[in-house]
Amino acid sequence: MTTLQVGDMAPDFRSVTQDGQPFTRADLVGQRTILYFYPKDNTSGCTLEAQSLRDGEAELAAMGLRIVGVSPDSERSHQNFCAKHALNFTLLADTDHSVCEAFGVWAEKSMYGRKYMGVLRTTFVIDAEGRIERIFTKVDTRNHHRQIAEAYE
């Protein structure tokens, strides 16, 4: 597991968007990016987080930030999630967990005494050169866009 810190370069990765387009670390260069990792499409916390980012997209864009979400769901699941909630940003289908592993957010979790592997809800803000600018590990799903914006005030 990688333990990334502020100032580190974002790890190299390859993925695909909800529209089947390739997306790599090189696509992060040139614009500041909110790269947020979440466990699963259409679950309560993940939906609240996506809706917060959707609703705050214009404010975040005015700060020079674009939004890219990552979860282990498929392209089709992401397409449905985007359509159902009018999401206005890119989602990456990390079905093999390679992007999550590269960023160190694929880990053992526990619920009701059952252990399983899953995504640790984490947000990285990547600068225009591909370097990690901020890391949010305690994500306020309902107010995530405000949480990010306030960190820059």
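Residues numbered from 1 in each chain as written. Predicted model: local features only at pLDDT ≥ 70, side-chain atom pairs only at ≥ 80, totals over all residues. Heavy atoms only, no water.

**Some points on the overall build of the chain**
Let me state the cut-off plainly: A helix here means a DSSP run of H or I that spans at least four residues, while a strand means a run of E at least two residues long, and both kinds are numbered starting from the N terminus. Just to be clear, the radius of gyration here is over C-alpha atoms, and the globule rule we use is 2.2 Å times residues to the power 0.38. Only heavy atoms enter the contact rule, under which two residues are in contact if any of them lie within 4.5 Å. Throughout, the Shrake-Rupley method with a 1.4 Å probe supplies accessible areas, and for residues the shown protein chains are the sole cover considered. In this tally Asp and Glu are treated as negative and Lys and Arg as positive; neither His nor the chain ends contributes. Think of each charge as sitting on NZ of Lys, CZ of Arg, CG of Asp or CD of Glu.
In terms of helices and strands, the chain carries 5 helices and 9 strands. For the chain, the sequential pattern of α-helices and β-strands runs β-β-β-α-α-β-α-β-α-β-β-β-β-α. A globule of 153 residues ought to have a C-alpha radius of gyration of about 15 Å, and the chain, at 14 Å, matches this closely. Within the chain, counting contacts between residues at least 6 apart in sequence, those at least 24 apart form 64% of the total. Of the roughly 7,600 Å² of accessible surface on the chain, a fraction of 47% belongs to carbon and sulfur atoms. Computed over 17 positive and 21 negative side-chain charges, the separation of the two mean positions in the chain equals 5 Å.

**What about the nonpolar core?**
It is characteristic of soluble globular proteins that their nonpolar side chains tend to be buried jointly. Filter applied, for reference: To qualify as a nonpolar core, a set must consist of buried Ala, Val, Leu, Ile, Met, Phe, Trp, Tyr and Cys residues joined through side-chain atoms within 4.5 Å. Relative accessibility under 20% of the residue-type maximum defines a buried residue, over 50% an exposed one, and the middle range a partly exposed one, all with a 1.4 Å probe and only protein chains included.
Within the largest apolar cluster, 20 residues are counted, with the highest numbers of intra-cluster contacts made by Phe-37, Phe-103, Phe-124 and Ile-126. Put simply, the parts of the chain that give this core at least two residues each are strand 3 (32-37), strand 4 (65-71), helix 4 (98-102) and strand 8 (122-126). Of all the elements, helix 4 adds the most residues to this core, at 3 residues. In this view, Phe-124 contacts Leu-4, Thr-33, Ile-34, Leu-35, Phe-37, Phe-103, Val-105, Ile-132, Arg-134 and Ile-135; residues no more than four positions away in its chain are not counted. Membership of the second largest hydrophobic core comes to 19 residues, among which are Tyr-38, Leu-60, Cys-82 and Phe-89.

**A word on the confidence of the model for the chain**
Applied cut-off: Per-residue confidence from the predictor is given as pLDDT, running between 0 and 100.
Per-chain confidence: the chain averages 95 in pLDDT, with 99% of residues scoring 70 or above. Element-level pLDDT for the chain is lowest in strand 6 (residues 106-111), with a mean of 88, against a maximum mean of 98 in strand 5 (residues 90-93).

**Side note on unusual backbone geometry**
Phi is positive for His-97, which is not a glycine, with a value near 65°. Of note, His-97 is situated in the loop between strand 5 and helix 4. Residue classification places His-97 among the partly exposed residues on the basis of a relative accessible area of 22%.

**Overview of the environment of Val-119**
In this structure, Val-119 sits in strand 7 (residues 114-119). Classification of Val-119 by relative accessible area gives buried; the value is 2%. Sequence separation of Val-119 and Gly-104 is 15 residues, and the distance between their C-alpha atoms is 9.2 Å. Other than its neighbours up to four places away in sequence, Val-119 contacts Phe-37, Tyr-38, Pro-39, Pro-72, Cys-100, Val-105, Trp-106 and Lys-109.

**A look at the pairing of strand 5**
Applicable threshold: Strands are treated as partners if at least two bridges between them are detected by DSSP. With its strands directed away from the observer, a crossover is right-handed exactly when the path from the first strand over the helix to the second travels clockwise.
Alignment of strand 4 against strand 5, held across 4 bridges, turns out to be parallel. When the bridges of strand 5 are listed, Gly-69 appears paired with Leu-91. Handedness of the crossover joining strand 4 and strand 5 through helix 3 (residues 75-85): right-handed.

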